[in-house]
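# Topology and contacts: notes
What follows is the residue order along each chain.
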Number of protein chains: 2
Amino acid sequence: MENKTLIFGHKNPDTDSICSSLVMEKFDRNLGFEVEAVRLGDVNKETAYVLNYLGIEAPRMIASVEEGQAVVLVDHNEFSQSVDGIEKAKIETVVDHHRIANFQTAEPLYYRAEPVGCTSTILYKKFKEENMTIEKKEAVLMLSAIVSDTLLFKSPTCTKEDKIACEELAKIAEIDVNTYGLDMLKAGTDLSDFTPDGLINIDSKEFANGDFKFQVAQVNTACIEDVLKDKTEIENAIQNFINSNGLNLFVFLITDIINSNSQCIVLGNNTEAFEKAFNTKLEDNMAFLEGIVSRKKQVAPVILNNI
Amino acid sequence: MENKTLIFGHKNPDTDSICSSLVMEKFDRNLGFEVEAVRLGDVNKETAYVLNYLGIEAPRMIASVEEGQAVVLVDHNEFSQSVDGIEKAKIETVVDHHRIANFQTAEPLYYRAEPVGCTSTILYKKFKEENMTIEKKEAVLMLSAIVSDTLLFKSPTCTKEDKIACEELAKIAEIDVNTYGLDMLKAGTDLSDFTPDGLINIDSKEFANGDFKFQVAQVNTACIEDVLKDKTEIENAIQNFINSNGLNLFVFLITDIINSNSQCIVLGNNTEAFEKAFNTKLEDNMAFLEGIVSRKKQVAPVILNNI
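We now turn to the structure provided with this report.

Cut-off values and rules
Position numbers for residues start from 1 in each chain and track the written sequence from start to end. In the order they appear in the text, chains get letters beginning with A and ligands get numbers beginning with 1. Two thresholds apply to this predicted model, a pLDDT of at least 70 for residue-level local features and 80 or more for giving and counting side-chain atom pairs, whereas whole-chain, interface and lining totals are computed over all residues. The side-chain quantities take in all heavy atoms of the structure and omit both hydrogens and water. The numbering of helices and of strands both runs from the N terminus, where a helix is a DSSP run of H or I of at least 4 residues and a strand a run of E of at least 2. Here the radius of gyration uses the C-alpha set of atoms, whereas the globule reference equals 2.2 Å times the residue count to the power 0.38. Three exposure classes are used, based on accessible area relative to the maximum for each residue type with a 1.4 Å probe and protein chains only: buried under 20%, partly exposed in between, and exposed over 50%. Whether two residues touch is decided by their heavy atoms; if any such pair falls within 4.5 Å, the residues are in contact. In summary, the charge assignment counts Lys and Arg as positive and Asp and Glu as negative, without counting His or the chain termini. Charge positions come from single atoms, namely NZ of Lys, CZ of Arg, CG of Asp or CD of Glu. All axes are obtained by fitting lines to C-alpha atoms, using only the stretch in contact for helices, and the reported angles, taken between N-to-C directions, cover 0 to 180 degrees. Roughly parallel means an angle under 35 degrees; roughly antiparallel, over 145; roughly perpendicular, 65 to 115; everything else is oblique. Handedness of a helix crossing follows the sense of rotation of the near helix relative to the far helix, less than a right angle counterclockwise being left-handed and clockwise being right-handed. Polar here means any residue other than Ala, Val, Leu, Ile, Met, Phe, Trp, Tyr, Cys and Pro, which are nonpolar, and Asp, Glu, Lys and Arg, which are charged; Gly is therefore polar. Least-squares superposition aligns the copies on the C-alpha atoms of those residues with pLDDT at or above 70 in both. We call a pair of cysteine sulfur atoms a disulfide when they lie within 2.5 Å. Residue count minus one, scaled by 1.5 Å, sets the expected span of a helix. Of all possible arcs, the one meant is that of the directions from the helix axis to the C-beta atoms. Accessible area that two parts lose when put together, with a 1.4 Å probe and added across both, is what the buried area reports. Put simply, a salt bridge is a Lys or Arg side-chain nitrogen that is within 4 Å of an Asp or Glu carboxyl oxygen. Counting of polar contacts relies on pairs of N or O atoms within 3.5 Å, with two restrictions inside protein: one atom must be capable of donating a hydrogen and the other of accepting it, and residues adjacent in sequence are counted only when both atoms are side-chain atoms.

For the rest of this paragraph, the subject is the overall build of chain A. Helix and strand counts for chain A come out as eleven helices and eleven strands. Its C-alpha atoms give chain A a radius of gyration of 19 Å, near enough to 19 Å, the size a compact globule of 307 residues would have. C-alpha atoms of chain A, sized along the principal axes, occupy 55 × 45 × 35 Å. Counting all 307 residues of chain A, 60% fall into the buried class. Of all intrachain contacts in chain A linking residues separated by at least 6 positions in sequence, the fraction that spans at least 24 positions is 64%. If you average the places of the 30 positive and of the 49 negative side-chain charges in chain A, the two averages end up 4 Å apart.

So this is what it looks like as structure tokens:
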């Protein structure tokens, strides 16, 4: 077992999961705790842009934790999205902005959740509450996480608090948020290196309600048609994933970050749950959802309410 | 459905559940929210002492909430300890100091938990973080909750933060904590009015791990022998409760608040879980647990780890 408390975001880490782990590491070290930020999967291209901008390395990758390992979860709480072995870990702290589900502890813990657009917005508030100075590096990390999660403030998950935090952080980081943010988001839309299997795993989360298990994967793009060139191969990859994981439903969101819409590829034995949720009919396994960009706010809960 | 957001603690409310509901009501009203503190059961004698000291009424009692009702939970999160209908309520906020379990939401929410001795200690910190003035009434309420939950700082659940908060609150309340606190705790040990059925319901909580359901009830006393005079009647009441609620195990803690020990009456088809948890053998359905006063820290998790 590791001596230090391990801090990590969810599997298939996005920019918030990586950046908030690093910021939480700094926060806890400032308070004198022995902690280490780690990650549960490959760093995506958007996050790589941030780390490259700062000239820093990604946290070390881990696959599982041993029984009794002290951990801090950021940007997630559902065990199905967390590290293997989480059920037997000692969860000391959670900082998150998602619903709470499929989560439990045997002991009291620190849990800080707020319904804001990004975990880093909550971390920003925690720095303020502790009167802790925010340095440039952490400002860039938090700002990047907020831009990523809110799609430059366009997502319906974005709140006034996210915007205020980002404005303050931009001053410390000495960054023009719109220029930097768009470059960062565009770096994340370069999907050319990915196999179809890779594509559906870039940012993929499992949800469950009783026995019903479904996956919602998402990629950001500036051109939906580009992604759809490989539709058949993507469908094959999704079908294999469904078979391997015993899923009822798989929703693959191809999100146009310029126009804020999503094209969905939907497969599984229970696609009627998706059709009911969005009052739509799939054609060629696809549906176009206007104005839908947020898995957390606009997709997962709507499906959960219709199964 | 009620227009206002309803704030409440757990069923069989203790002093922390009632006082923290009232303090949270004040906190949220200060921020401009329409809220009302309510309660899920009778006020116990200890809490009555506090309300009487302040010359205020107990919050209104409710039995259930309708679908979609906006609610704030204080001092609990497990649905089995909450209001009837909680599964379909809109949980906006939780402020608590217990483990998280048997709890889930469909949407993101405010959740603030810390592993401190009392919910009111967290509320005290929230007032501080918001630079909100604490008035005398709320100071008495919070101080009373802390004294109650920590048994005047003697419980192993008591932390440095609880003590610091209580010291500060005592200044605002202009109260000598030891004198007031002991009087308050003693008021709570007057069990003379209670039938055996009433006795096992004064402060009683259900826990579950999978299919295994157990109840831990607790009374405080200055004299264990006094309570044991009615042992046979209490056992009958417990057995009826087990039968009505399909429980595997019922643990009744009679806690000596002067010497910090507990006599336990233990019944059910799975008393071996209790015996294993505490490495003891029941005699006449009883076991004496030295130094054990905290259900949350010393009893519930130990049983949960042994079923």
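Now that the structure has been shown, we can carry on.
This part is about the packing of helix α2 (residues 45–54) of chain A against helix α4 (residues 136–150) of chain A. All names here are of chain A. Their axes nearest at 10 Å, the elements α2 and α4 cross at an angle of 160°. Between α2 and α4, the crossing angle belongs to the class labelled roughly antiparallel. The handedness of the crossing between α2 and α4 comes out as right-handed. Within the contact between the two elements, α2 uses Glu46, Val50, Tyr53 and Leu54 and α4 uses Lys137, Val140, Leu141, Ser144 and Ser148. Partitioned by chemical class, the residues of the contact of α2 with α4 number five nonpolar, two polar and two charged.

In this section: the relation of the copies chain B and chain A. Superposing chain B onto chain A takes a rotation of 180° plus a shift of 0.0 Å along the axis, which leaves an RMSD of 0.0 Å. Classification of the inter-copy transformation places it as that of a two-fold axis. Identified as the residue of chain B closest to the rotation axis by C-alpha distance is Arg112 of chain B, at 2.4 Å. Mapped onto chain A, 100% of the interface residues of chain B again fall at the interface, so both copies present the same surface.

A few words on the packing of α2 of chain A against helix α6 (residues 177–188) of chain A. Geometry of a packed helix pair, given as the angle between the helix axes and the separation of the axes. Residue and element names in this part refer to chain A. Between α2 and α6, whose axes approach to 6 Å, the crossing angle comes to 135°. Between α2 and α6, the angle is such that the two are oblique. Between α2 and α6 the crossing geometry is right-handed. Taken together, the residues of α6 that come into contact with α2 (itself represented by Lys45, Glu46, Tyr49, Val50 and Tyr53) are Tyr180, Asp183, Met184, Leu185, Ala187 and Gly188. Counted by class, the contact of α2 with α6 contains seven nonpolar, one polar and three charged residues.

With that settled, consider the state of the cysteines. Residue and element names in this part refer to chain B. In total, this model carries zero disulfides over all chains according to the counting rule given. Of the cysteine sulfurs around Cys158, a residue in no disulfide, the closest is that of Cys166, at 8.4 Å. Judged by its relative accessible area of 16%, Cys158 falls in the buried class. Between Cys264, a cysteine without a disulfide, and Cys223, which holds the nearest cysteine sulfur, the sulfur-to-sulfur distance is 16 Å.

Another aspect to go through is helix α9 (residues 231–245) of chain A. Structural remark: α-helix, 3.6 residues per turn; residues separated by three or four positions point the same way. Residue and element names in this part refer to chain A. The end-to-end C-alpha separation of α9 is 21 Å, in line with the 21 Å expected for 15 residues at 1.5 Å each. Looking only at α9, the buried set comprises Lys231, Ile234, Glu235, Ala237, Ile238, Phe241 and Ile242. Projected down its long axis, α9 carries its buried residues within an arc of 160°, all on one side. Across from the buried face of α9, at angles greater than 90 degrees, the exposed residues are Asn243 and Ser244. Where α9 is buried, its residues touch α7 (196–199), β8 (212–221), α8 (224–228), β9 (249–256), β10 (261–267) and β11 (286–289). Gly246, located one to two residues past α9, shows a positive phi value of around 60°.

Another aspect to go through is the interface of chain B and chain A. Contacts between the two partners involve 23 residues from chain B and, on the opposite side, 23 residues from chain A. Across the chain B/chain A interface, buried area totals approximately 2200 Å², and carbon plus sulfur atoms make up 57% of it. There are zero salt bridges connecting chain B and chain A. Our enumeration of links across chain B and chain A arrives at six residue pairs in polar contact (both at pLDDT 80 or more).

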